[in-house]
Amino acid sequence: MIDLDRETWLYLLIIVAILVFFIWNSNRSKKIKKERKNRNFRKRYHERKRDQESDTL
């Protein structure tokens, strides 16, 4: 195996932790954006539906 000293392992661990955080945060932000988009779509859909119902009355 690669023979690295303690400081090098620590730096590698920090770099890996930062990369994992950014990947996790990216996936989470995508999910939040998708949920917000769907929520806005549903809201507009229900508003349109209410308007159509009020027009028929």
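Shown above is the structure to which this text applies.
A brief look at the structure comes next.

## Some words on the overall build of the protein
Along its length, the protein carries 1 helix and 0 strands. Relative to the compact-globule value of 10 Å for 57 residues, the protein shows a C-alpha radius of gyration of 24 Å, a clear excess of over 25%. Along the three orthogonal principal directions, the C-alpha set of the protein runs to about 80 × 15 × 5 Å. When the accessible area of the protein is evaluated, it comes to approximately 6,100 Å², of which 60% is carbon and sulfur surface. With 15 positive and 8 negative side-chain charges, the protein shows a separation of 6 Å between the mean positions of the two kinds.

## Some points on the packing of aromatic side chains
Following the criterion strictly, the structure yields 2 aromatic pairs and no others. Look at Phe21 and Phe22: their rings are 5.7 Å apart centre to centre, the planes differ by 65°, and that puts the pair in the edge-to-face class. Residue Phe21 is classed as partly exposed on the basis of its relative accessible area, which comes to 43%. Here Phe22 falls in the exposed class, since its relative accessible area comes to 51%. Residues Phe21 and Trp24 carry aromatic rings whose centres are separated by 6.1 Å and whose planes lie at 45° to one another, so their mutual orientation is tilted. Within this pair, Phe21 and its partner Trp24 are both found in helix α1 (residues 6-56), separated by 3 residues, close to a single helical turn. A relative accessible area of 47% means that Trp24 is categorised as partly exposed. Following the ring pairs from residue to residue traces out a cluster consisting of Phe21, Phe22 and Trp24.

Conventions adopted
- Residues numbered from 1 in each chain as written.
- Predicted model: local features only at pLDDT ≥ 70, side-chain atom pairs only at ≥ 80, totals over all residues.
- Heavy atoms only, no water.
- Helix = DSSP H or I, 4+ residues; strand = E, 2+ residues; numbered from the N terminus.
- Rg over C-alpha atoms; globule rule 2.2 N^0.38 Å.
- Areas by Shrake-Rupley, 256 points an atom, 1.4 Å probe, with all protein chains shown as cover.
- Lys, Arg positive; Asp, Glu negative; His and termini not counted.
- Charge placed at Lys NZ, Arg CZ, Asp CG, Glu CD.
- Phe/Tyr/Trp six-rings, centres within 6.5 Å; stacked < 30°, edge-to-face > 60°.
- Buried < 20%, exposed > 50% of the residue type's maximum accessible area, 1.4 Å probe, protein only.

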